[in-house]
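One-letter residues, chain by chain:
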Protein chains: 2
Amino acid sequence: MIHSRVHVSDLREHVGRTVSVCGWVNTLRLQRKMQFVIVRDSTGMVQVTHKRDDGPLEAELEALTPESVVRITGRVVDAAQVNLGGLEIVPETVEVLNRAATPLPIDEHTGLEQRLDWRFLDVRRRPSAQLLFAVQTTLEQGMREYAYAQGATEMHTPKLMGTASESGAEVFKLGYFDRSAYLAQSPQFYKQMAISAGIDKVFEIGPVFRAEPSFTSRHATEFTGVDVELAWIDGVEDVMAFEEQMLAHTIGKVADTHGEAIREHFGVEVTVPNTPFPRITMAEAHEILRKGGWDPQGVKEDLDPEGERSISAHIKEATGHEFVFITHYPIGIRPFYHMRQADDPSVTLSFDLLWKGLEVTTGAQREHRYDVLLKQAAEKSMSTEPLQDYLNAFRYGCPPHGGLGMGLGRVLMVMLGLDSIREATFLFRGPNRLTP
Amino acid sequence: MIHSRVHVSDLREHVGRTVSVCGWVNTLRLQRKMQFVIVRDSTGMVQVTHKRDDGPLEAELEALTPESVVRITGRVVDAAQVNLGGLEIVPETVEVLNRAATPLPIDEHTGLEQRLDWRFLDVRRRPSAQLLFAVQTTLEQGMREYAYAQGATEMHTPKLMGTASESGAEVFKLGYFDRSAYLAQSPQFYKQMAISAGIDKVFEIGPVFRAEPSFTSRHATEFTGVDVELAWIDGVEDVMAFEEQMLAHTIGKVADTHGEAIREHFGVEVTVPNTPFPRITMAEAHEILRKGGWDPQGVKEDLDPEGERSISAHIKEATGHEFVFITHYPIGIRPFYHMRQADDPSVTLSFDLLWKGLEVTTGAQREHRYDVLLKQAAEKSMSTEPLQDYLNAFRYGCPPHGGLGMGLGRVLMVMLGLDSIREATFLFRGPNRLTP
């Protein structure tokens, strides 16, 4: 007789019955008189308890190895003394579906890089890593819920480009039949083309590629970007309002679904932010930071990581808020397609969003006027030839628009208090890592 | 006074009031006594009617060009004689937000390739193309709803690989700092790693890359794949059941949301399929086809496009069903990682799903036993060295699993009765096309 699989978390309902549990051997304790096998599935762990009897079952249990995949069929028994749910399984048969080799290449003391080499084991054996991907799923659900409710259209823009148009420097180049192609650093140009194609609100979650030789805890050569582009905006404020509403909705959903588990596994409280988020201009941020001794030479145009952390700490102290929009970036550190402020063309209508000191988003109103775009590209000494396909999208009627790009891994990193983007990614890619 | 924007579809509620309409100049009819401007936004079209009066407004309207982006403010007036909703706008001001150059590079007679060159205009000016992306959004919503309800986790697997592992032949190669990387042909290996990482059900929608020099109406070098991988299956039947349920749910959602619009714009009826879908083995398919004179030499192992169309037509006639699973593909035309049938190792536990004669999915139970995988790779004369990271995922306990890969563009193509995948993609990529 075949007994149907029961998840560990549902065993309590089956006390007194014979069921099958499918999972991994988490721990083996093979004592002189007793054999204990802790079996783990995605819902929890259960103890399998067998009294030695010199029978075939004893030999089968003795031959198990940690992380082997097993189907154990047996009776569910109330056992108040057992920590794992106060029950145990008295086995009748053990089936090894996949025997794990020994020894395992990692254990609980293994460092990050070697854990990444064996990422499937690393994720499988740590409940917090399992939780992370559940949180990621809920995050995306929340963002889509909000975006769909606003009438957004989900687009898939190409990752293969004919020219290295956006900047050229940090772009991967590949052979493409008899010529070259480039990997998109962001959906920027294409989501703007979708705006010009009459899509009112564009939403995309997909991979972006950066050929940056950066080895920091927050950079990757491939990561998942969340991109939004909104047509018919009255100004960049509409983009920031969209983002803060989307995040408030999404973080609320994560808090409801996983708040308790996140507290338990990551020791972090998920706080649903109030809207609107605080906003300060870059000039104000500089003033605040310089009062605190930051950038004593007074030469920095941008915020460095230390500046980002300090300004977030300042806002948190002043307002209690974990988020802050930094607005009005000077044109020198923003791309040519950011719109400039009509009454002060030295600043762009752009923003970054910091969360607990880390930049999680860059956004802006885009320049939609062809002649102004040409002028701004020329000012940045950009050749317009590789930009022609992009620029064409503004020659035949493109509405005012703006948008944002968010790093999904960074959001997870801050939300769960992780030290590195490597922990927030299933299979991290960096200058030194293309495997597994 | 600034009047807030009203969408064209909502104008009826504003008769007698002054509002702003924002959109594109769809058509200009500048007559001797009257000026008519048809303005189009994402919700519809409205006529702006102005009696010539030698005033500044007359000159502004006269200077408009087709596809210019305008904000027209005026009074909404009941006008039973007007085809577009029985109302018109009597303009007070016209603001040109972006003037379109003339002449437009495409019109309604332009062929496909040139339309693709100006895809933003092509999509913007055809309501059916706008509808297509709305349908795509609903399709994805439906698939995610089903997958989430089944407990699936949304994963983002890397597109950059260290080795050209899956086959090597159809892989794009790129420079990666001081070495080479390859673009993933599918998330196949990585979604299996996620299974080995303890994720019970994996779901991903993302780009896949194929360096195939194919110029057919159904191939692209980059397309959006829908990937599912399910752990703890009892057999490949579980994968087919997941897919047919997912499609039935999704197609039902599309029919509810867009059925009428699809009928109007594409002349196609969206039929919600019954489950289960018909299933026939490849051997049965061959027998049926050969009776009809297909493959007179009797040498073909696979189905060619003609065979796919014929077998679908046959099933449709026999059962009334638009879908058919072809199962039990011979091992020679399936990859090494497909599981073979225990009592007949000449066939794999795999399937393709045909919809109205087109293959939209390939799926299989995967071989999860390390030693068997090694043997099957050797039989296919594959070098195991570039496969080592993949193979490692089966050495330390990987549960039985299987999954499927679906082409989103192909699903759209069949659903809407399109001639080419180029029409089902926002920005198509093929051997000869990397732009715009």
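Residues numbered from 1 in each chain as written. Chains lettered and ligands numbered in written order. Predicted model: local features only at pLDDT ≥ 70, side-chain atom pairs only at ≥ 80, totals over all residues. Heavy atoms only, no water.

In the nomenclature of an unreviewed UniProt entry, chain A corresponds to Aspartate--tRNA ligase from the organism Streptomyces alboniger. Turning to chain A, the UniProt annotation filed under Subcellular location (unreviewed entry) states: "Cytoplasm". Looking at the Catalytic activity (unreviewed entry) heading of the UniProt record, one finds this comment for chain A: "tRNA(Asp) + L-aspartate + ATP = L-aspartyl-tRNA(Asp) + AMP + diphosphate". (UniProt positions renumbered as here; feature names shortened; annotations may be inferred.)

S.K.: Can you break down the overall build of chain A residue by residue, with the values?
M.R.: For chain A, the helix and strand inventory stands at eleven helices and 18 strands. Within chain A, buried positions represent 59% of all 436 residues. Sequence-distant contacts, at least 24 apart, represent 64% of the contacts inside chain A between residues at least 6 apart. Accessible area for chain A stands at about 17100 Å²; split by element, carbon and sulfur atoms hold 49% of it. Taking the average location of the 45 positive side-chain charges in chain A and that of its 60 negative ones, the two points are 4 Å from each other. (Helix = DSSP H or I, 4+ residues; strand = E, 2+ residues; numbered from the N terminus. Buried < 20%, exposed > 50% of the residue type's maximum accessible area, 1.4 Å probe, protein only. Contact = heavy atoms within 4.5 Å. Areas by Shrake-Rupley, 256 points an atom, 1.4 Å probe, with all protein chains shown as cover. Lys, Arg positive; Asp, Glu negative; His and termini not counted. Charge placed at Lys NZ, Arg CZ, Asp CG, Glu CD.)

S.K.: Outline the sheet that holds strand β2 (residues 34-41) of chain A, listing residues and values.
M.R.: Residues and elements named next belong to chain A. Here we have five strands rolled up into a closed barrel, ordered β1-β2-β3-β5-β4, and mixed in their pairing. Taking each pair of neighbouring strands and ignoring which way they run, the sheet shows an average axis angle of 50°. In terms of strand pairing, strand β4 (residues 69-78) meets strand β5 (residues 87-98) through ten bridges, oriented antiparallel. Its bridge partner lying in β5, Arg71 is registered against Glu95. (Pairing = 2+ DSSP bridges. Axes fitted to C-alpha atoms, helices over the stretch in contact; angles between N-to-C directions.)

S.K.: So what's going on with the relation of the copies chain A and chain B? Which residues, and what values?
M.R.: Overlay of chain A on chain B (RMSD 0.0 Å): rotation 180°, translation along the axis 0.0 Å. Both copies are brought into coincidence by an operation consistent with a two-fold rotation axis. Taking the C-alpha atom as reference, chain A places Leu174 of chain A closest to the rotation axis, 2.0 Å from it. The residues that chain A uses at the interface reappear at the interface of chain B in 100% of cases, marking a shared surface. (Least-squares fit on C-alpha atoms with pLDDT ≥ 70 in both.)

S.K.: Explain the pattern of salt bridges residue by residue, including any values.
M.R.: All names here are of chain B. Within this structure, the stated rule accounts for 66 salt bridges over all chains. Across the salt bridge formed by Arg52 and Glu58, the nearest N and O atoms sit 3.0 Å from each other. Classification of Arg52 as partly exposed rests on a relative accessible area of 23%. Taking the relative accessible area as the measure of exposure, Glu58 reaches 12% and is therefore buried. (Salt bridge = Lys/Arg side-chain N within 4 Å of Asp/Glu carboxyl O.)

S.K.: Account for the sheet that holds strand β6 (residues 153-154) of chain A, naming residues and giving values.
M.R.: Residue and element names in this part refer to chain A. Taken in spatial order, the eight strands make up an open sheet running β6-β10-β11-β18-β17-β16-β13-β12, and their pairing is mixed. With partners counted over all chains shown, the strands left at the sheet margins are β6 and β12 (279-281), one partner each. Here strand β11 (residues 222-231) pairs with strand β18 (residues 401-407) via seven bridges, running antiparallel. Paired with Ala231 across the strands is His401, a residue of β18.

S.K.: How would you explain the interface of chain A and chain B if you had to name every residue and give the values?
M.R.: Listed as interface residues are 96 residues of chain A and, on the opposing side, 96 residues of chain B. Contact between chain A and chain B buries roughly 7500 Å² in total, counting both sides, with carbon and sulfur atoms accounting for 63%. For the pair chain A and chain B, the number of links is four salt bridges. Ionic pairing is found between Arg144 of chain A and Glu154 of chain B, a salt bridge with its closest N-O pair at 3.9 Å. Seen at the junction of chain A and chain B, the total is 44 residue pairs in polar contact (both at pLDDT 80 or more). In terms of residues, the side of chain A that touches chain B owes the most to one element, helix α4 (residues 127-149) of chain A, which gives nine residues. Tallied by class, residues from the side of chain A that touches chain B come to 52 nonpolar, 24 polar and 20 charged. (Buried area = accessible area lost by both parts, 1.4 Å probe. Polar contact = N/O pair within 3.5 Å; in protein donor to acceptor, adjacent residues only side chain to side chain. Nonpolar A, V, L, I, M, F, W, Y, C, P; charged D, E, K, R; others polar.)

S.K.: Pulling in residues and values, what's your account of the state of the cysteines?
M.R.: Disulfide: a covalent bond connecting the sulfur atoms of a pair of cysteines. Summed over the entire model, instances satisfying the criterion amount to zero disulfides over all chains. Not engaged in a disulfide, the cysteine Cys22 of chain A finds its nearest cysteine sulfur in Cys398 of chain B; these two sulfurs lie 14 Å apart. Take Cys398 of chain B: its relative accessible area is 0%, and that puts it in the buried class. (Disulfide = S-S within 2.5 Å.)

S.K.: Lay out the UniProt feature "binding site: L-aspartate" (unreviewed entry) in chain A with the relevant residues and their values.
M.R.: Residues and elements named next belong to chain A. The feature "binding site: L-aspartate" (unreviewed entry), as given by UniProt, occupies Glu166, Arg210, Thr362 and Arg366 in the numbering adopted here. For Arg210, the residues in contact, after removing those within four places along its chain, are Glu170, Phe172, Gln185, Ser186, Ala220, Thr221 and Phe223. With respect to the helices and strands, Arg366 occurs in strand β17 (residues 358-366). Each residue touching Arg366, except ones within four places of it in the same chain, is listed here: Gln188, Lys191, Gln192, Glu229, Tyr337, His338, Met339, His401, Gly402, Gly403 and Leu404.

S.K.: An account of helix α7 (residues 282-291) of chain B is needed here, citing residue identities and associated values.
M.R.: Residues and elements named next belong to chain B. Turning to α7, its buried residues are Met282, Ala285, His286 and Leu289. Buried residues of α7, seen end-on, are gathered within an arc of 100° and therefore sit on one face of the element. Residues of α7 that are exposed and point over 90 degrees away from its buried face: Ala283, Glu287 and Lys291. Packing partners of the buried residues in α7 comprise β12 (279-281), α8 (305-319) and β13 (323-327). (Arc of directions from axis to C-beta.)

S.K.: Go over the UniProt feature "binding site: ATP" (unreviewed entry) in chain A with me, naming the residues and quoting the values.
M.R.: Listed under "binding site: ATP" (unreviewed entry) in the UniProt record, and renumbered for this structure, are Arg210, Ala211, Glu212, Glu359, Gly407, Leu408, Gly409 and Arg410 of chain A. Here Glu212 of chain A lies in the loop between β10 (201-209) and β11. Filtering out sequence-adjacent residues up to four positions away, Glu212 of chain A remains in contact with Glu170, His219, Thr221 and Pro431 of chain A together with Phe177 of chain B. Topologically, Gly407 of chain A is positioned in strand β18. Taking the relative accessible area as the measure of exposure, Gly407 of chain A reaches 10% and is therefore buried.

S.K.: Can you explain empty space enclosed by the protein? Please cite residues and give values.
M.R.: Going through the model one piece at a time under the given rule, you end up with five cavities of 30 Å³ or more. Considering only enclosed or pocket space, the largest cavity measures out at about 260 Å³ in volume. As for the largest cavity, its lining consists of 25 residues, of which His156 of chain A together with Glu222, Phe223, Thr224 and Thr425 of chain B are closest to the centre. Going through the elements one at a time, β10 of chain A together with α4 (127-149), β10 (201-209), β11 (222-231) and α11 (408-416) of chain B are the ones with two or more residues in the lining of the largest cavity. Sort the elements by how many residues they give to the lining of the largest cavity and β10 of chain A lands first, with four residues. (1 Å grid on protein atoms, 1.4 Å probe; cavity = no way out; pocket = protein on both sides within 12 Å on 5 of 7 lines; lining within 4 Å. Points joined across faces, edges and corners; volume = space filled by probe spheres on them.)

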